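Residues per chain are reported as follows:
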Amino acid sequence: SPAPLRDFRAGFVSIIGKPNVGKSTLMNVLVGEKMSIITSKAQTTRHRIMGILNGKHEGIPFQLVYSDTPGVVKPAYKLHDSMMTFVKGSLEDADVVLFVTEVGEKAADHEVIPLLQRTNAPIILVLNKIDLSNEEELKRKTEEWEKEIQPAAIIPISALLNANVQTLFDAIITRLPFHPPYFDEDELTDKPERFFASEIVREKIFLNYRQEIPYSSEVVISEFKERDDMIVIRAEILVERKSQKGIIIGEKGAMLKKIGSEARKDMEDFFGKKVFLEQHVKVEPDWRSKENKLRQFGYEE
Ligand code: GDP
Ligand code: K
Ligand code: MG
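Note that the coordinates shown come from a computational prediction; the quantities given were computed from them, not determined experimentally. (Residues numbered from 1 in each chain as written. Chains lettered and ligands numbered in written order. Predicted model: local features only at pLDDT ≥ 70, side-chain atom pairs only at ≥ 80, totals over all residues. Heavy atoms only, no water.)

**Digging into the overall build of the protein chain**
Looking only at helices and strands, the protein chain features nine helices and nine strands. In summary, the protein chain has a C-alpha radius of gyration of 20 Å against a globular reference of 19 Å for 301 residues, a match within 12%. Across the 301 residues in the protein chain, those meeting the buried criterion constitute 50%. Contacts in the protein chain between residues far apart in sequence, at least 24 positions, make up 73% of those at least 6 positions apart. (Helix = DSSP H or I, 4+ residues; strand = E, 2+ residues; numbered from the N terminus. Rg over C-alpha atoms; globule rule 2.2 N^0.38 Å. Buried < 20%, exposed > 50% of the residue type's maximum accessible area, 1.4 Å probe, protein only. Contact = heavy atoms within 4.5 Å.)

See below:
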């Protein structure tokens with residue numbers, strides 16, 4: 001085949017790492033939009049979420065297709081198997097891999113290292129949360145990682161404070177292949193609007209309930225109707241047990257009302273329109289272990 005024209009760069013950038021290291025925070029900073037939900041709880045992200053950024057770098061237009069992924073965990077449920085399939089798929093497509101770690105993590109025997117065999121793409125080791133660290137520790141971690149995986153680059157950042165993210169961006173863009181764009185310029189993501197509506201409700205569940213409730217919950221958008229002046233959204237919150245339904249609803253419906261109003265606000269920001277949100281809570285026993293349910297909820301590549 002003929003050599004690619006050197007007038008456009010485009011490629012897939014996979015963001016991987018353990019739970020809670022800041023993958024989703026970084027994705028949002030890099031894309032400049034809140035595409036991916038963020039909480040302090042592990043396993044908040046369950047899907048592969050693509051965020052697309054178009055721009056120009058040193059006179060050459062580019063399209064970066066970032067993939068945020070679930071944190072790498074040992075599967076305990078069928079749901080986790082499917083989450084790990086998203087991680088592997090994202091690695092296999094990658095032109096550049098951002099392996100996100102936080103400074104506190106050990107490099108030796110790291111769970112993500114075996115997965116790196118699935119890619120030939122350059123690996124950029126991101127040392128996140130430098131706001132919680134110091135120079136001495138950073139130097140030590142850099143040496144540790146160099147010994148363990150010899151990445152193409154090691155870049156310390158704070159995704160939360162948007163510190164040194166420009167250096168990371170430069171490291172990504174210079175490794176992006178020359179290739180025509182994969183998506184139309186006005187596309188922000190590969191996911192439908194309903195997906196983001198359900199993720200916003202899920203984020204509020206993660207932020208407002210404790211223990212097993214967030215992990216036992218799933219959100220299905222059964223109606224998404226765009227009118228001239230507003231969007232009507234019906235969200236079904238599924239839990240595994242009847243007792244959990246009561247907790248979600250709360251006394252006199254207070255908790256459900258709280259997450260509903262928080263979710264509605266975020267939806268209005270995200271969609272740029274007034275939102276009417278209706279919520280229902282249903283019991284779907286053991287949905288995390290049922291293949292047909294997982295398929296129905298979109299946990300399939
Ligand atoms: P993920 O599970 O890897 O996607 O991590 P998240 O993006 O959901 O972030 C997990 C937690 O780490 C959240 O509470 C974030 O606010 C926090 N976090 C992310 N980046 C940073 C950072 O650079 N510094 C600090 N101190 N916290 C961060
Ligand atoms: K998280
Ligand atoms: Mg995440």
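Let us keep going from here.
**Concerning the pairing of strand 2 (residues 49-57)**
Of the strand pairs in this sheet, strand 2 and strand 3 (residues 60-68) are connected by nine bridges, and their pairing is antiparallel. Along strand 3, the bridge assignment pairs His57 with Ile60. Between strand 2 and the antiparallel strand that follows it, strand 3, lie two residues; Glu58 among them carries a positive phi value of about 45°. (Pairing = 2+ DSSP bridges.)

**Observations concerning the coordination of the magnesium ion (ligand 3)**
In an ideal octahedron of six donors the angles at the metal are 90 or 180 degrees, and in an ideal tetrahedron of four donors they are 109.5 degrees. For the magnesium ion (ligand 3), the full set of protein donor atoms is Ser24 (OG) and Thr45 (OG1), and the range of their distances to it is 2.1 to 2.2 Å. Distance-wise, the potassium ion (ligand 2) is placed 4.6 Å from the magnesium ion (ligand 3). Taken together, the residues span a long stretch of sequence, with Ser24 in helix 1 (residues 23-31) and Thr45 in the loop between helix 1 and strand 2 at a distance of 21 residues. Taken individually, Ser24 and Thr45 each receive the classification buried, so the pair is uniform in this respect. (Donors = N, O, S within 2.8 Å, 3.2 Å for Na, K, Ca; no water.)

**Description of the site of ligand 1**
Looking at ligand 1, there are 17 residues lining it, with Asn20, Lys23, Ser24, Thr25 and Asp131 nearest. One of the backbone nitrogen or oxygen atoms of Thr39 is found 3.3 Å away from an oxygen atom of ligand 1. At a separation of 2.8 Å, a nitrogen atom of ligand 1 approaches a polar side-chain atom of Asp131. Protein chains bury 86% of the 580 Å² of accessible surface belonging to ligand 1 in isolation. By residue number, the principal contributor to the shell around ligand 1 is helix 1, which donates three residues. Of the residues contributing to the shell around ligand 1, the split by class is six nonpolar, eight polar and three charged. (Near = heavy atom within 4 Å. Polar contact = N/O pair within 3.5 Å; in protein donor to acceptor, adjacent residues only side chain to side chain. Areas by Shrake-Rupley, 256 points an atom, 1.4 Å probe, with all protein chains shown as cover. Nonpolar A, V, L, I, M, F, W, Y, C, P; charged D, E, K, R; others polar.)

**What about the pairing of strand 8 (residues 230-239)?**
Among the ten residues that make up strand 8, eight are buried, leaving the element largely enclosed by the rest of the structure. Here strand 7 (residues 218-226) pairs with strand 8 via eight bridges, running antiparallel. By the bridge assignment, Glu218 is partnered in strand 8 with Leu238. Here strand 7 folds back onto strand 8 in antiparallel fashion, the turn holding three residues.

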